[in-house]
Amino acid sequence: MANSLISVQIIPKTKEFADVIPLVDAAIAVIEESGVKYKVQPLETTMEGELSTLLSIIEKMNKKMIELGSINVITQVKILYQPSGTSMEALTEKYH
């Protein structure tokens, strides 16, 4: 069972106010390629897995933004670390 949930919002800064949606899509593709469980939501994406793995994915997401031409990146992160195990479903089951 996963020991962490991380919600991440990537805000890439582009030259001359270029559309950032393709960059956000590329950041989500980094998550997809990693194979971890995730859920895209309107203002952030939540990942489920081992803390070190998820933090590594966030690093790759930031590097991808720079590779694609971002000047810099603001990354907002929320972390739930629970060594005994956690899941997105466990936290939201009463709402479904």
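Quantities reported herein were computed from a predicted structural model and do not represent experimental measurements.

**Student:** Pulling in residues and values, what's your account of helix 1 (residues 21-34)?
**Tutor:** In this model, helix 1 (14 residues) spans 20 Å end to end at C-alpha, consistent with the 20 Å of a helix rising 1.5 Å per residue. Of the positions making up helix 1, those classed as buried are L23, A26, A27, I28, V30 and I31. Where helix 1 ends, the next residue or the one after it, G35, has phi of about 85 degrees, a positive value.

**Student:** Explain the layout of surface pockets residue by residue, including any values.
**Tutor:** A water-sized probe, rolled over the atoms, reveals where empty space remains. Each pocket or cavity is described by its volume, and for the largest pocket that value is around 280 Å³. If you trace the largest pocket, you find 14 residues lining it, with L5, Q41, T46, M88 and T92 closest to the centre. Each residue belonging to the lining of the largest pocket can be placed in one class, and the counts come to 6 nonpolar, 5 polar and 3 charged. Here the second largest pocket defines a volume of roughly 200 Å³. If you go around the second largest pocket, you meet 14 residues; those closest to its centre are Q9, I10, V24, L43 and E44. Ranked by residue count, the leading element in the lining of the second largest pocket is helix 1, at 4 residues. Residue composition of the lining of the second largest pocket, by class: 10 nonpolar, 3 polar and 1 charged.

Parameters at a glance
Residues numbered from 1 in each chain as written. Predicted model: local features only at pLDDT ≥ 70, side-chain atom pairs only at ≥ 80, totals over all residues. Heavy atoms only, no water. Helix = DSSP H or I, 4+ residues; strand = E, 2+ residues; numbered from the N terminus. Expected span 1.5 Å × (residues − 1). Buried < 20%, exposed > 50% of the residue type's maximum accessible area, 1.4 Å probe, protein only. 1 Å grid on protein atoms, 1.4 Å probe; cavity = no way out; pocket = protein on both sides within 12 Å on 5 of 7 lines; lining within 4 Å. Points joined across faces, edges and corners; volume = space filled by probe spheres on them. Nonpolar A, V, L, I, M, F, W, Y, C, P; charged D, E, K, R; others polar.

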